[in-house]
Amino acid sequence: GAGVSQSPSNKVTEKGKDVELRCDPISGHTALYWYRQRLGQGLEFLIYFQGNSAPDKSGLPSDRFSAERTGESVSTLTIQRTQQEDSAVYLCASSPRTSGGIETQYFGPGTRLLVL
Amino acid sequence: AQSVTQLGSHVSVSEGALVLLRCNYSSSVPPYLFWYVQYPNQGLQLLLKYTSAATLVKGINGFEAEFKKSETSFHLTKPSAHMSDAAEYFCAVSGTGNQFYFGTGTSLTVIP
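The present account deals with the structure reproduced in this document. (Residues numbered from 1 in each chain as written. Chains lettered and ligands numbered in written order. Predicted model: local features only at pLDDT ≥ 70, side-chain atom pairs only at ≥ 80, totals over all residues. Heavy atoms only, no water.)

Of the regular secondary structure elements, chain B holds 0 helices and 11 strands. Across chain B, helices and strands are ordered from the amino to the carboxyl terminus as β-β-β-β-β-β-β-β-β-β-β. At 13 Å, chain B has a C-alpha radius of gyration in line with the 13 Å of a compact globule built from 112 residues. C-alpha extents for chain B along the principal axes are approximately 40 × 25 × 20 Å. Within the span of chain B, comprising 112 residues, buried residues form 46% of the whole. Here the contacts in chain B between residues at least 6 apart in sequence split such that 56% fall between residues at least 24 apart. Counting only carbon and sulfur atoms, one obtains 53% of the accessible surface of chain B, whose full area is about 5200 Å². Across chain B, the 6 positively charged side chains and the 6 negatively charged ones have centroids separated by 8 Å. (Helix = DSSP H or I, 4+ residues; strand = E, 2+ residues; numbered from the N terminus. Rg over C-alpha atoms; globule rule 2.2 N^0.38 Å. Buried < 20%, exposed > 50% of the residue type's maximum accessible area, 1.4 Å probe, protein only. Contact = heavy atoms within 4.5 Å. Areas by Shrake-Rupley, 256 points an atom, 1.4 Å probe, with all protein chains shown as cover. Lys, Arg positive; Asp, Glu negative; His and termini not counted. Charge placed at Lys NZ, Arg CZ, Asp CG, Glu CD.)

Take the interface of chain A and chain B next. Between chain A and chain B, the contact holds 20 residues from the first and 20 residues from the second. The junction of chain A with chain B conceals about 1700 Å² of combined surface from both sides, 54% of it contributed by carbon and sulfur atoms. Where chain A touches chain B, the interface holds 0 salt bridges. At the junction of chain A with chain B, the criterion picks out 2 residue pairs in polar contact (both at pLDDT 80 or more). (Buried area = accessible area lost by both parts, 1.4 Å probe. Salt bridge = Lys/Arg side-chain N within 4 Å of Asp/Glu carboxyl O. Polar contact = N/O pair within 3.5 Å; in protein donor to acceptor, adjacent residues only side chain to side chain.)

Let us look at unusual backbone geometry. In this model, Ser-7 of chain A is joined to Pro-8 of chain A through a cis peptide bond whose omega is -10°. Note on placement: Pro-8 of chain A falls in the loop between strand 1 (5-7) and strand 2 (10-13). The backbone phi angle of Asn-61 of chain B is positive, close to 60°, even though this residue is not glycine. With respect to the helices and strands, Asn-61 of chain B occurs in the loop between strand 6 (56-58) and strand 7 (64-68). Of the residues examined, Asn-61 of chain B reaches a relative accessible area of 42% and is grouped as partly exposed. The residue Thr-72 of chain B is not glycine, and still its phi comes out positive at about 45°. With respect to the secondary-structure elements, Thr-72 of chain B resides in the loop between strand 7 and strand 8 (73-78).

We now examine the state of the cysteines. Applying the stated rule across the entire model yields 2 disulfides over all chains. Each sulfur in the disulfide pair Cys-23 of chain A and Cys-92 of chain A lies 1.8 Å from the other. Between Cys-23 of chain A and Cys-92 of chain A, the disulfide has an S-S torsion of -65° and is therefore left-handed. Remark: Cys-92 of chain A occurs in strand 8 (residues 88-95) and Cys-23 of chain A occurs in strand 3 (residues 19-24); sequence separation between them is 69 residues. A relative accessible area of 0% places Cys-23 of chain A in the buried class. Taking relative accessible area as the criterion, Cys-92 of chain A reaches 0% and is therefore assigned buried. Each disulfide pairs two cysteine sulfurs, and for Cys-23 of chain B the partner residue is Cys-91 of chain B, the sulfurs being separated by 1.9 Å. One quick way to see it: the torsion about the S-S bond of Cys-23 of chain B and Cys-91 of chain B is about -65°, and its sign makes the bridge left-handed. In this pair, Cys-23 of chain B sits in strand 3 (residues 19-27) while Cys-91 of chain B sits in strand 9 (residues 87-94), placing the two residues 68 residues apart along the sequence. (Disulfide = S-S within 2.5 Å.)

Next comes the structure, spelled out in C-alpha coordinates:
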(Lines give C-alpha, C1' and ligand atoms only; values in the text may rest on other atoms or scores of the structure.)
Protein backbone atom coordinates (compact mmCIF):
# COMPACT_ATOMS: atom_id res chain seq x y z
CA GLY A 1 0.00 0.00 0.00
CA ALA A 2 0.91 3.65 -0.13
CA GLY A 3 1.55 3.94 3.56
CA VAL A 4 0.99 2.39 6.94
CA SER A 5 -2.67 2.06 7.76
CA GLN A 6 -4.32 1.47 11.11
CA SER A 7 -7.81 0.56 12.12
CA PRO A 8 -9.99 1.58 13.70
CA SER A 9 -9.09 5.26 13.72
CA ASN A 10 -11.07 5.74 16.91
CA LYS A 11 -12.27 3.27 19.51
CA VAL A 12 -14.39 3.90 22.56
CA THR A 13 -14.78 1.01 24.95
CA GLU A 14 -15.91 0.29 28.47
CA LYS A 15 -13.51 -0.54 31.24
CA GLY A 16 -12.91 -4.26 31.42
CA LYS A 17 -13.58 -4.98 27.76
CA ASP A 18 -10.96 -6.31 25.36
CA VAL A 19 -9.90 -4.34 22.29
CA GLU A 20 -7.96 -5.27 19.19
CA LEU A 21 -6.07 -2.74 17.12
CA ARG A 22 -4.82 -3.46 13.64
CA CYS A 23 -1.80 -2.27 11.68
CA ASP A 24 -1.08 -2.83 7.98
CA PRO A 25 2.56 -1.98 7.30
CA ILE A 26 4.04 -0.87 4.02
CA SER A 27 4.47 -3.85 1.75
CA GLY A 28 8.00 -5.25 1.99
CA HIS A 29 8.81 -3.67 5.32
CA THR A 30 10.22 -6.30 7.62
CA ALA A 31 10.31 -4.26 10.81
CA LEU A 32 7.16 -3.17 12.66
CA TYR A 33 6.84 -1.15 15.85
CA TRP A 34 3.96 -0.34 18.19
CA TYR A 35 4.01 2.80 20.35
CA ARG A 36 1.65 4.37 22.84
CA GLN A 37 1.22 8.13 23.06
CA ARG A 38 -0.61 9.39 26.08
CA LEU A 39 -1.98 12.92 26.07
CA GLY A 40 0.82 15.41 26.45
CA GLN A 41 3.50 12.75 26.50
CA GLY A 42 6.04 11.34 24.10
CA LEU A 43 5.91 8.06 22.27
CA GLU A 44 6.34 5.03 24.47
CA PHE A 45 7.79 1.94 22.83
CA LEU A 46 5.64 -1.16 23.24
CA ILE A 47 6.83 -3.95 20.96
CA TYR A 48 8.98 -4.58 17.91
CA PHE A 49 8.78 -7.25 15.20
CA GLN A 50 11.54 -8.03 12.74
CA GLY A 51 10.81 -10.62 10.09
CA ASN A 52 10.40 -14.05 11.59
CA SER A 53 12.55 -13.33 14.64
CA ALA A 54 11.15 -13.42 18.14
CA PRO A 55 9.55 -10.05 18.91
CA ASP A 56 11.05 -7.59 21.37
CA LYS A 57 8.27 -7.29 23.94
CA SER A 58 10.27 -5.35 26.49
CA GLY A 59 8.04 -2.27 26.28
CA LEU A 60 4.71 -3.94 26.97
CA PRO A 61 3.42 -2.38 30.20
CA SER A 62 1.56 -5.40 31.55
CA ASP A 63 0.43 -8.89 30.65
CA ARG A 64 -2.89 -7.42 29.52
CA PHE A 65 -1.06 -6.25 26.41
CA SER A 66 -0.09 -8.61 23.62
CA ALA A 67 0.67 -8.35 19.94
CA GLU A 68 0.98 -10.68 17.01
CA ARG A 69 2.30 -10.42 13.52
CA THR A 70 1.96 -12.94 10.75
CA GLY A 71 5.20 -13.03 8.79
CA GLU A 72 5.87 -9.58 7.41
CA SER A 73 2.26 -8.51 7.11
CA VAL A 74 -0.54 -7.36 9.37
CA SER A 75 -0.05 -6.92 13.10
CA THR A 76 -2.66 -6.79 15.83
CA LEU A 77 -2.27 -5.28 19.27
CA THR A 78 -4.65 -6.66 21.85
CA ILE A 79 -5.45 -5.07 25.18
CA GLN A 80 -7.39 -7.27 27.56
CA ARG A 81 -9.53 -6.02 30.42
CA THR A 82 -8.96 -2.41 29.44
CA GLN A 83 -8.37 0.20 32.11
CA GLN A 84 -8.88 3.94 31.94
CA GLU A 85 -5.13 4.50 31.95
CA ASP A 86 -4.97 2.61 28.65
CA SER A 87 -6.62 5.59 26.96
CA ALA A 88 -4.09 6.88 24.46
CA VAL A 89 -3.20 7.02 20.79
CA TYR A 90 -1.62 3.79 19.64
CA LEU A 91 0.81 4.25 16.79
CA CYS A 92 2.23 1.68 14.45
CA ALA A 93 5.35 2.18 12.34
CA SER A 94 7.19 0.05 9.83
CA SER A 95 10.62 0.24 8.27
CA PRO A 96 12.31 -1.61 5.40
CA ARG A 97 14.76 -3.44 7.64
CA THR A 98 16.71 -2.81 10.74
CA SER A 99 20.40 -2.17 10.83
CA GLY A 100 21.32 -1.02 14.28
CA GLY A 101 18.57 1.55 14.51
CA ILE A 102 19.43 3.57 11.42
CA GLU A 103 16.31 2.96 9.43
CA THR A 104 13.57 5.54 9.03
CA GLN A 105 10.25 4.56 10.48
CA TYR A 106 7.04 5.22 8.58
CA PHE A 107 4.13 5.89 10.88
CA GLY A 108 0.46 5.19 10.55
CA PRO A 109 -2.18 7.73 11.58
CA GLY A 110 -2.80 5.96 14.87
CA THR A 111 -5.79 4.56 16.72
CA ARG A 112 -7.25 6.82 19.37
CA LEU A 113 -8.50 4.64 22.22
CA LEU A 114 -10.79 5.94 24.92
CA VAL A 115 -11.67 3.71 27.85
CA LEU A 116 -14.70 4.88 29.79
CA ALA B 1 20.51 3.11 27.54
CA GLN B 2 19.24 6.05 25.56
CA SER B 3 16.90 8.92 26.34
CA VAL B 4 15.89 12.25 24.90
CA THR B 5 14.91 15.54 26.50
CA GLN B 6 13.09 18.21 24.56
CA LEU B 7 13.23 21.59 26.26
CA GLY B 8 10.03 23.55 25.85
CA SER B 9 6.76 21.78 25.24
CA HIS B 10 5.43 24.82 23.40
CA VAL B 11 7.33 27.27 21.22
CA SER B 12 5.85 30.29 19.47
CA VAL B 13 7.61 32.25 16.75
CA SER B 14 6.57 34.95 14.35
CA GLU B 15 6.32 34.15 10.69
CA GLY B 16 9.73 34.75 9.14
CA ALA B 17 11.60 34.38 12.44
CA LEU B 18 14.17 31.78 13.33
CA VAL B 19 12.87 28.45 14.57
CA LEU B 20 14.94 26.70 17.25
CA LEU B 21 13.68 23.50 18.86
CA ARG B 22 15.97 21.97 21.45
CA CYS B 23 16.84 18.34 21.92
CA ASN B 24 19.40 16.82 24.26
CA TYR B 25 20.14 13.14 24.32
CA SER B 26 21.72 10.60 26.57
CA SER B 27 23.30 7.53 25.08
CA SER B 28 25.83 4.96 26.21
CA VAL B 29 26.66 4.12 22.61
CA PRO B 30 27.15 6.31 19.53
CA PRO B 31 23.64 7.50 18.84
CA TYR B 32 21.48 7.78 15.80
CA LEU B 33 19.26 10.84 16.10
CA PHE B 34 16.04 11.74 14.38
CA TRP B 35 13.55 14.56 14.16
CA TYR B 36 9.99 13.68 13.26
CA VAL B 37 7.12 16.07 12.60
CA GLN B 38 3.43 15.50 13.12
CA TYR B 39 1.13 17.86 11.30
CA PRO B 40 -2.44 18.19 12.56
CA ASN B 41 -4.46 15.06 11.89
CA GLN B 42 -1.53 13.34 10.19
CA GLY B 43 0.95 10.63 11.13
CA LEU B 44 4.54 11.29 12.12
CA GLN B 45 6.96 11.75 9.27
CA LEU B 46 10.72 11.98 9.21
CA LEU B 47 12.26 15.45 8.96
CA LEU B 48 15.89 14.41 9.13
CA LYS B 49 18.27 11.97 10.75
CA TYR B 50 21.86 11.79 11.90
CA THR B 51 23.65 8.50 11.35
CA SER B 52 27.28 9.43 12.13
CA ALA B 53 28.11 10.99 8.78
CA ALA B 54 28.09 14.80 8.53
CA THR B 55 27.30 16.53 11.81
CA LEU B 56 25.11 19.11 10.09
CA VAL B 57 22.09 17.36 8.68
CA LYS B 58 19.68 18.95 6.25
CA GLY B 59 16.11 17.78 6.09
CA ILE B 60 12.88 18.55 4.32
CA ASN B 61 11.12 21.91 4.26
CA GLY B 62 14.29 23.89 5.01
CA PHE B 63 14.96 22.36 8.42
CA GLU B 64 18.39 21.33 9.59
CA ALA B 65 19.97 20.01 12.77
CA GLU B 66 23.50 19.89 14.08
CA PHE B 67 24.90 17.00 16.08
CA LYS B 68 27.11 18.33 18.88
CA LYS B 69 28.69 15.50 20.80
CA SER B 70 30.30 17.79 23.38
CA GLU B 71 26.89 19.24 24.24
CA THR B 72 24.93 16.00 23.66
CA SER B 73 22.55 18.08 21.61
CA PHE B 74 20.71 17.79 18.31
CA HIS B 75 18.77 21.04 18.04
CA LEU B 76 16.46 21.63 15.08
CA THR B 77 16.55 24.96 13.29
CA LYS B 78 14.97 26.75 10.37
CA PRO B 79 16.04 30.28 9.39
CA SER B 80 12.58 31.57 8.56
CA ALA B 81 9.34 30.15 9.92
CA HIS B 82 6.37 29.61 7.67
CA MET B 83 2.78 29.23 8.72
CA SER B 84 2.81 25.68 7.39
CA ASP B 85 5.53 24.75 9.92
CA ALA B 86 2.99 24.75 12.75
CA ALA B 87 3.07 21.18 14.04
CA GLU B 88 4.32 18.89 16.79
CA TYR B 89 8.01 18.00 16.58
CA PHE B 90 9.58 14.95 18.16
CA CYS B 91 13.24 14.18 18.70
CA ALA B 92 14.25 10.52 18.90
CA VAL B 93 17.38 8.53 19.59
CA SER B 94 18.34 4.96 18.89
CA GLY B 95 21.43 2.92 19.39
CA THR B 96 22.47 -0.48 18.23
CA GLY B 97 19.34 -2.17 19.48
CA ASN B 98 15.77 -2.25 18.30
CA GLN B 99 14.27 0.50 20.37
CA PHE B 100 13.75 4.13 19.57
CA TYR B 101 13.32 6.63 22.40
CA PHE B 102 11.19 9.65 21.68
CA GLY B 103 11.01 12.94 23.48
CA THR B 104 7.77 14.39 24.77
CA GLY B 105 7.43 16.65 21.78
CA THR B 106 7.44 20.39 21.13
CA SER B 107 4.39 22.10 19.74
CA LEU B 108 5.37 24.88 17.35
CA THR B 109 3.00 27.79 16.80
CA VAL B 110 3.71 30.30 14.04
CA ILE B 111 2.22 33.73 14.56
CA PRO B 112 1.31 35.69 11.44
